[in-house]
Amino acid sequence: MRGPETQSNEIVSGQPLMDPFGRAITYLRVSVTDRCDFRCVYCMSEDMAFLPKRDLLTLEELDRICSVFVGQGVRKLRITGGEPLVRRDIMSLFRSLSRHLSSGALDELTVTTNGSQLARHAAELAACGVKRVNVSIDTLDADKFRRITRWGDLSKVLGGLDAAQQAGLKIKINTVALKGVNEDEIDDLVAWAHGRGMDLTLIEVMPLGEIDGQRIDQFMPLSVMRARLGARYTLEDIEERTGGPARYARVRETGGKLGFITPMTHNFCESCNRVRLTCTGQLFMCLGQEDAADLRAPVRASEDDQGLKQAIHDAIARKPKGHDFIIDRRHARPAVGRHMSMTGG
């Protein structure tokens, strides 16, 4: 593999973005807002301060940056937040980006949501060419759901799932495994999700941002969880990839797919094809590193995209080999100071 010292910053027309380790960057995750109508205990502190509107990229600027990435070989766009569907006029961005699906330049446009606004937007998302959505649900107990999210209403989220399925959207449920909170529910969540024709992905807690309490008290290794699930289910590893970090197994008893995202116990950095754009125009080459490139400045400096393209290529040339996440008692502070809601889930 090439090392960082051999990476060229030259922009070659029509060539995909390549990082210093020979990985093609084909997946861009875009946070359109840091705001959320939930305050999940592993993601945010209860008393969050959000960015002023003037600091955010406009929807037109977001579209422009995404389009430059698509022109440089990105094949998958995921819209995230915060909660992306709380941003005013967000569907105009989906409508605009859908042109890249129509042209064949983009393979997939998708969204990660907490589901609170999904009932309102599911039909239009489908009309814009969105085929599947990821919905975050950590428990099916309404009282526990309220405690985990602080502000969330489970019935509203379940209504959003109904609307999404009626609109023809495929759904993947994302569940953060939380020690002492939902670890005894995971096998039932598998049965519930697969019974509705939805895939389920389990995620380890990551040390991002200051929260109330310590993440070591929340952390449940998915190696342990998988062993527990083996008492009820037969898990058969499959090679399928969806462009993200999950590794998948087929559950023989249900026929459904179960994903594992394990940044702590088995990191997925060797095949990383992703970068993340924040709502303020900061491009993070790695979720677990602080290094970022400012794309807002070149977007606002010129209507010509050459400076923006150069900034993107220079940033990709700095993409690290992997993250530095650690969760243990000796590392009480988060590995990265920014909250997940800022970088995009």
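This text goes with the structure placed above it.
This one's a predicted model, so the numbers in the text were calculated from it and none came from an experiment.

Engineer: So, the overall build of the protein chain: which residues are in play, and what are the values?
Structural biologist: Tallying secondary structure elements over the protein chain gives ten helices and twelve strands in all. Of all 345 residues assigned to the protein chain, the portion counted as buried reaches 56%. Partitioning the contacts of the protein chain with sequence separation of at least 6, the portion at a separation of at least 24 is 71%. For the protein chain, the accessible surface area stands at approximately 14,700 Å², while carbon and sulfur atoms represent 49% of it.

Engineer: Break down the sheet that holds strand S12 (residues 292-294) for me, with residues and values.
Structural biologist: As summarised here, the arrangement of the twelve strands in space is S7-S8-S9-S6-S5-S4-S3-S2-S1-S10-S11-S12, forming an open sheet in which the pairing is mixed. A single partner strand is all that each edge strand has here, and the edge strands are strand S7 (235-238) and S12. Looking at each pair of strands side by side, their axes are set apart by 25° on average, direction ignored. Here strand S11 (residues 282-284) pairs with S12 via three bridges, running antiparallel. By the bridge assignment, Gln282 is partnered in S12 with Asp294. Docked against the sheet, helix H2 (residues 90-103) engages strand S2 (76-80) and strand S3 (108-113), running at close to 145° with respect to S3. The sheet strands contacting helix H6 (residues 186-195) are strand S5 (170-176), strand S6 (199-203), strand S8 (247-251) and strand S9 (257-261), and the helix crosses S6 at an angle near 150°.

Engineer: Could you give me a rundown of the nonpolar core, with the residues and numbers involved?
Structural biologist: Within soluble globular proteins, side chains that are nonpolar generally end up buried alongside one another. Of all hydrophobic cores here, the largest spans 89 residues; its most connected members are Leu28, Phe69, Phe94, Ile173 and Leu283. Ignoring anything within four residues of it in the chain, the contact list for Leu283 reads Leu28, Phe69, Val275, Arg276, Leu277, Asp291, Ala292, Ala293, Leu295 and Ala315.

Engineer: I'd love a proper account of the environment of Glu303, names of residues and values included.
Structural biologist: Turning to its location among the elements, Glu303 is positioned in the loop between helix H8 (296-301) and helix H9 (306-316). In the structure, Glu303 is positioned 239 residues away from Arg64 in sequence and 9.9 Å away in space, judged by C-alpha atoms.

Engineer: So what about the pairing of S9? Which residues, and what values?
Structural biologist: Counting buried positions along S9 gives five out of five residues, so the element sits mostly inside the fold. Judged by which residues are buried, S9 turns out to be covered on both faces: Lys257, Gly259 and Ile261 on one side and Leu258 and Phe260 on the other are all buried. Where S6 lies against S9, four bridges are found, and the strand directions are parallel. Bridge pairing in S9 places Ile203 opposite Ile261.

Engineer: Give me the lowdown on the side chain of Thr149, citing residues and values where you can.
Structural biologist: With respect to the element layout, Thr149 can be found in helix H4 (residues 142-149). Ignoring sequence-local partners within four residues, the contact set of Thr149 consists of Phe38, Arg39 and Cys40.

Engineer: So what about the pairing of S2? Which residues, and what values?
Structural biologist: Burial within S2 is extensive, with five of its five residues counted as buried. Burial along S2 is two-sided: the face carrying Lys76, Arg78 and Thr80 and the face carrying Leu77 and Ile79 are both buried. Relative to S2, strand S1 (residues 27-31) runs parallel, the two sharing five bridges. Bridge assignment links Ser31 to a residue of S2, and that residue is Thr80. Remark: the S1/helix H1 (residues 59-71)/S2 crossover connection has right-handed handedness. In the sheet, S2 pairs with S3 via four bridges, with the strands oriented parallel. Residue pairing in the sheet places Lys76 in a bridge with Glu108 of S3. Note that the unit made of S2, H2 and S3 has a crossover that is right-handed.

Engineer: Talk me through the pattern of salt bridges; I want residue IDs and the actual numbers.
Structural biologist: Summed over all chains, the structure comprises 18 salt bridges. Here Asp107 makes a salt bridge to Arg75, at a shortest N to O gap of 2.6 Å. With a gap of 32 residues between them, Asp107 in the loop between H2 and S3 and Arg75 in the loop between H1 and S2 connect regions that are remote in the sequence. Judged by its relative accessible area of 54%, Asp107 falls in the exposed class. Residue Lys76 pairs with Glu108 through a salt bridge whose shortest N-O separation is 3.8 Å. Taken together, the residues Lys76 in strand S2 and Glu108 in strand S3 connect sequence positions 32 residues apart.

Parameters at a glance
- Residues numbered from 1 in each chain as written.
- Predicted model: local features only at pLDDT ≥ 70, side-chain atom pairs only at ≥ 80, totals over all residues.
- Heavy atoms only, no water.
- Helix = DSSP H or I, 4+ residues; strand = E, 2+ residues; numbered from the N terminus.
- Buried < 20%, exposed > 50% of the residue type's maximum accessible area, 1.4 Å probe, protein only.
- Contact = heavy atoms within 4.5 Å.
- Areas by Shrake-Rupley, 256 points an atom, 1.4 Å probe, with all protein chains shown as cover.
- Pairing = 2+ DSSP bridges.
- Axes fitted to C-alpha atoms, helices over the stretch in contact; angles between N-to-C directions.
- Core = buried A, V, L, I, M, F, W, Y, C linked by side-chain atoms within 4.5 Å.
- Right-handed = clockwise from strand over helix to strand, strands pointing away.
- Salt bridge = Lys/Arg side-chain N within 4 Å of Asp/Glu carboxyl O.

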